[in-house]
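Coordinate inspection notes
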Amino acid sequence: MKRFLVLAAATTAVLAHAQTYPGSRPVSIVVPFAAGGPTDRVARDLAEAMRKQIPGSNFVVENAAGAGGTIGTNKVAKATPDGHTLLLFHIGMATTPALYRKLQYKPLEDFEYLGMVNDVPMTLIGKPQLPANTYRDFENYIRANAGKINLAHAGLGSASHTCGLMWQSAIKLSEAMTTIPFGGTAPAMNALVGGQVDVMCDQTTNTVGQIEGGRVKAFAVTTSKPLSGHKLLKDYPTLQEMGVKGFNLTIWHGLYAPKGTPAAVTKALNEGLKKALKDPDFIKKQEALGALVVTDNRITPEGHKAFVAAEIGKIKPVIEAAKAFAD
Ligand code: ASP
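Predicted model only: the values in this text are computed from it and were never measured.

Some details on the overall build of the chain
The number of helices and strands found in the chain is 11 helices and 10 strands. The C-alpha radius of gyration of the chain comes to 20 Å, within 12% of the 20 Å expected for a compact globule of 327 residues. Over its C-alpha atoms, taken along the principal directions, the chain stretches across nearly 75 × 40 × 30 Å. Across the 327 residues that make up the chain, the buried fraction comes to 56%. Taking the contacts inside the chain whose residues are at least 6 apart along the sequence as the reference set, 79% of them involve residues at least 24 apart. Of the roughly 13,900 Å² of accessible surface on the chain, a fraction of 56% belongs to carbon and sulfur atoms. Within the chain, the 26 negative side-chain charges are centred at a point lying 3 Å from the centre of the 35 positive side-chain charges.

Shown next, in the form of structure tokens:
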């Protein structure tokens, strides 16, 4: 009887919380990479848009970088499921199960899916000191300097790592490059701009400003079609056009809560997210950075989860072919 009363009291507390959610406590969006990078950028713009859409709310961004995003992701998987700790992650949700033999979370089981945010192309960029100005010269330069090239990325399973792996293996130059992991592509970008590393493949939400400012050289985009609608990216060829057969990589970002978050809370968050994704300021900011805000069924929790499940199936053989595993 006593146990029943305790349980009933706990259920009432959760329900009351769900009805008043989010109340005065801030909602923390965990970004599993360093501040100032592309995922962080999306999270900060999204936090602002969500704040506007959920009256009285305060969405804040928390960076928990390391191990290709798996540290921050695991932190959210284990967090109290009360809607005050969320995760903004990307394609890593689908790549990490294939890369890590001892992953501490299960992407399809340990989270409540809130919805997908955007699709983001990637760009292949190099340090400004490189003698090459076109993709062909760049690839020739790598061949000529095999063994001396450093490719920067944000850790095993990160988007930059996946893109780097796919590209190296497509052009059969895996042996030519040493991969250098960082806690995110913000610090990796600093190293590239400073000339300490040679090459990186990163989300346009990080690279557009640097390309525009002439601080890095851009050689190609990773999408199957040219980005003709974007004022800067339209000038760069796709990897496919450059002879890298079948290369096509667009990454995405999604929003998640720990498993067990009350349904009323996940519903409020999904509704807030849907409204935020229609916010003209948010759309404008994302488009300027080459990202496309989601408008299709992937905006729903079920639609996004089905998409991630399909991505896991698609990416696994690519990673297995590249033979890059971590414990
Ligand atoms: N762009 C990074 C990646 O490669 C993550 C980041 O720093 O946002 O996954």
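Considerations on the pairing of strand 1 (residues 27-31)
Burial of strand 1 is extensive: five of the five residues sit out of reach of the surface. Neither face of strand 1 is exposed, since Val27, Ile29 and Val31 on one face and Ser28 and Val30 on the opposite face are all buried. The pairing of strand 1 with strand 2 (residues 59-63) spans five bridges and is classified as parallel. Considered in strand 2, the bridge of Val30 is made with Glu62. With helix 2 (residues 38-53) bridging strand 1 and its parallel neighbour strand 2, the resulting β-α-β unit is right-handed.

Quick look at the site of the ligand
In the vicinity of the ligand, the contacting residues are Phe33, Pro38, Thr39, His90, Ala154, Ser158, Ala159, Ser160, Gly184, Thr185, Asp202 and Gln203. Thr39 places a side-chain nitrogen or oxygen 2.6 Å from an oxygen atom of the ligand. Coverage of the ligand by the protein chains reaches 100% of its 270 Å² of free accessible surface. Counting residues per element, the ones that place at least two in the shell around the ligand are helix 2, helix 6 (159-170) and strand 7 (199-203).

A few points about the side chain of Thr205
Checked against the element boundaries, Thr205 lands in helix 8 (residues 204-212). Excluding its chain neighbours within four sequence positions, the residues that come into contact with Thr205 are Pro38, Arg41, Val42, Val120, Leu289 and Ala291.

Quick word on the packing of aromatic side chains
Counted under the stated rule, the structure contains eight aromatic pairs. Ring centres 4.1 Å apart and planes at 10 degrees place the aromatic pair Phe138 and Phe219 in the stacked group. Of this pair, Phe138 sits in helix 5 (residues 135-144) while Phe219 sits in strand 8 (residues 217-221), and the two are 81 residues apart along the sequence. Like Phe138, the residue Phe219 is buried in the burial classification. Connected via pairs of aromatic rings, a cluster forms that spans Tyr105, Phe111, Tyr113 and Tyr256.

Side note on the pairing of strand 7
The buried count for strand 7 comes to five of five residues, which makes it a mostly enclosed element. Where strand 4 (residues 111-126) and strand 7 come together, five bridges link them in antiparallel fashion. Bridged to Gly126 within strand 7 is Val199. Pairing of strand 5 (residues 149-153) with strand 7, which is carried by two bridges, proceeds in the parallel orientation. Within strand 7, the position partnered with Leu151 by the bridge is Val199.

Structural notes on the pattern of salt bridges
Under the definition given, this model contains 15 salt bridges. Linking Lys52 and Asp281 is a salt bridge whose minimum nitrogen-to-oxygen distance equals 3.4 Å. One end of the pair, Lys52, is in helix 2; the other, Asp281, is in helix 10 (residues 280-288), with 229 residues separating them in the sequence. Accessibility expressed as a relative area gives 44% for Asp281, which makes it partly exposed. Each member of the salt-bridge network shares a partner with another, and the members are Lys52, Asp279 and Asp281.

Some words on the packing of helix 7 (residues 185-193) against helix 8
Interaxial distance between helix 7 and helix 8 falls to 11 Å at its minimum, and their mutual angle equals 25 degrees. Here helix 7 lies roughly parallel to helix 8, going by the angle between them. Read as a crossing pair, helix 7 and helix 8 show a hand that is right-handed. Of the residues in helix 8, those in contact with Thr185, Ala186, Met189 and Val193 of helix 7 are Asn206, Thr207 and Gln210. Counted by class, the contact of helix 7 with helix 8 contains three nonpolar, four polar and no charged residues.

What counts, and where the lines are drawn
Residues numbered from 1 in each chain as written. Predicted model: local features only at pLDDT ≥ 70, side-chain atom pairs only at ≥ 80, totals over all residues. Heavy atoms only, no water. Helix = DSSP H or I, 4+ residues; strand = E, 2+ residues; numbered from the N terminus. Rg over C-alpha atoms; globule rule 2.2 N^0.38 Å. Buried < 20%, exposed > 50% of the residue type's maximum accessible area, 1.4 Å probe, protein only. Contact = heavy atoms within 4.5 Å. Areas by Shrake-Rupley, 256 points an atom, 1.4 Å probe, with all protein chains shown as cover. Lys, Arg positive; Asp, Glu negative; His and termini not counted. Charge placed at Lys NZ, Arg CZ, Asp CG, Glu CD. Pairing = 2+ DSSP bridges. Right-handed = clockwise from strand over helix to strand, strands pointing away. Near = heavy atom within 4 Å. Polar contact = N/O pair within 3.5 Å; in protein donor to acceptor, adjacent residues only side chain to side chain. Phe/Tyr/Trp six-rings, centres within 6.5 Å; stacked < 30°, edge-to-face > 60°. Salt bridge = Lys/Arg side-chain N within 4 Å of Asp/Glu carboxyl O. Axes fitted to C-alpha atoms, helices over the stretch in contact; angles between N-to-C directions. Parallel < 35°, antiparallel > 145°, perpendicular 65-115°, else oblique. Left-handed = near helix turned anticlockwise from the far one by under 90°. Nonpolar A, V, L, I, M, F, W, Y, C, P; charged D, E, K, R; others polar.

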